[in-house]
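Results of the structural survey
The primary structure of each chain is shown beneath.
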Amino acid sequence: MIQTDKPEIKVAILDFYDGIANEGMRGFREILDRYKVKNELNLSYEVFDVRKKVEVPGTEFDIYISSGGPGDPIESEGSEWEKKYFQLVDKLEDHNLSNTSQKKYGFFVCHSFQLMCRKYQLGHINMRKSPSFGVLPVNQTSAGRNEPVFENMADPFYTVDSRLWQVINPDEKRFTELGMQLLAIEKERPHVDLPRAMMAIRFSDYFFSTQFHPEADAKGVKSLLLKEEKKKEVVSEHGIDKYNEMLERLEDPDKITHTQNTMIPNFLDQAILSLQEA
């Protein structure tokens, strides 16, 4: 039973999919619905279509979750929706720098991770030689091993990677200047002479971001992997054995099911505890 006399926790989900059918938005909703029931919270969420309808929320929400999405994270520079989105991020940052006790929390995934890396100039954004898609291992950095959002996550942990674009060559000077931490990087590939992409960053005490999709679930990924076009894409990038291994990994409760049940809930624990204390 959800008690409505509890203070309301308001979540804004920012949809970056530009009208493209996807599994991500369902993933976020399901995580929030489960979390609300499990913790008996008075929690509500509202979805904003940032790219297609130029819908950007105000600062009245407690938690902001920005989704992944298709396309080039560089070409939107100067667009109306991006200007409005970055104005919102600036307002949230200003709010968090003020002496108010109730901070605003943000979680940025995939496309929005890349946009934020561009905003902060944290590394080089480029297009991969071929798309990366599948259930893949991600390595934690030494900073990642002390990260509360990674609590109860293995190293490496498994998650859904789905990207044509990536952020590589972290600018360590910028990270230090801005007090940001690189928490995870792409798995090591000794046979591939290419830089490893950045996979998770803590921008501040309140802003967390991942290149991968912690909202993804086995059901959604399996339905994608079984589509002929996706199968061809994964086999050409990783080979048929790896493709079959990915399908097997989906059945393993310690892999993406564990990531989906752990990472965003850990972030919500941190955010909601802080909001309740305030």
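Look above for the structure.
Residues numbered from 1 in each chain as written. Predicted model: local features only at pLDDT ≥ 70, side-chain atom pairs only at ≥ 80, totals over all residues. Heavy atoms only, no water.

So, about the layout of surface pockets. If you add up the space inside the largest pocket, you get close to 840 Å³. In terms of lining, the largest pocket is formed by 33 residues, of which the most central are Y17, F133, S162, L224 and K230. Of all the secondary structure elements, the ones that give two or more residues to the lining of the largest pocket are α1 (24-38), α3 (111-120), β5 (124-140), β6 (157-168), α5 (218-225) and α6 (228-238). For the lining of the largest pocket, the class distribution of residues is 13 nonpolar, 11 polar and nine charged. Estimates place the volume of the second largest pocket at around 250 Å³. Considering the residues around the second largest pocket, the lining is formed by 16 residues, among which R128, K187, R189, E237 and H238 are closest to the centre. Looking at the lining of the second largest pocket, the elements with two or more residues in it are β5, β6 and α6. (1 Å grid on protein atoms, 1.4 Å probe; cavity = no way out; pocket = protein on both sides within 12 Å on 5 of 7 lines; lining within 4 Å. Points joined across faces, edges and corners; volume = space filled by probe spheres on them. Helix = DSSP H or I, 4+ residues; strand = E, 2+ residues; numbered from the N terminus. Nonpolar A, V, L, I, M, F, W, Y, C, P; charged D, E, K, R; others polar.)

Quick look at the side chain of R202 now. Take R202: it is sitting in strand β8 (residues 198-202). Residue classification places R202 among the buried residues on the basis of a relative accessible area of 8%. Within the local environment of R202, its side chain forms a polar contact with the backbone oxygen of S204, the two atoms lying 2.8 Å apart. Reaching out from R202, the side chain makes a polar contact with the side chain of Q270 at a distance of 3.2 Å. With sequence-adjacent residues up to four places away left out, R202 is seen in contact with E147, V149, M180, Q181, L183, F207, F208 and Q270. (Buried < 20%, exposed > 50% of the residue type's maximum accessible area, 1.4 Å probe, protein only. Polar contact = N/O pair within 3.5 Å; in protein donor to acceptor, adjacent residues only side chain to side chain. Contact = heavy atoms within 4.5 Å.)

What follows concerns the side chain of S209. Looking at where S209 falls in the secondary structure, it is placed in strand β9 (residues 207-210). Among the residues examined, S209 registers a relative accessible area of 0% and is labelled buried. Excluding anything up to four places from it in sequence, S209 contacts F108, F113, M199, A200, I201 and F203.

Across its 18 residues, helix α2 (residues 80-97) extends 26 Å between first and last C-alpha, which sits within 8% of the 26 Å expected from 1.5 Å per residue. Taken as a whole, α2 has its buried residues at W81, E82, Y85, F86, L88, V89, L92 and N96. On an axial view of α2, the arc spanned by its buried residues comes to 150 degrees, and they lie on one face. Projecting away from the buried face of α2 at angles above 90 degrees are the exposed residues E80, K91, D94 and L97. (Expected span 1.5 Å × (residues − 1). Arc of directions from axis to C-beta.)

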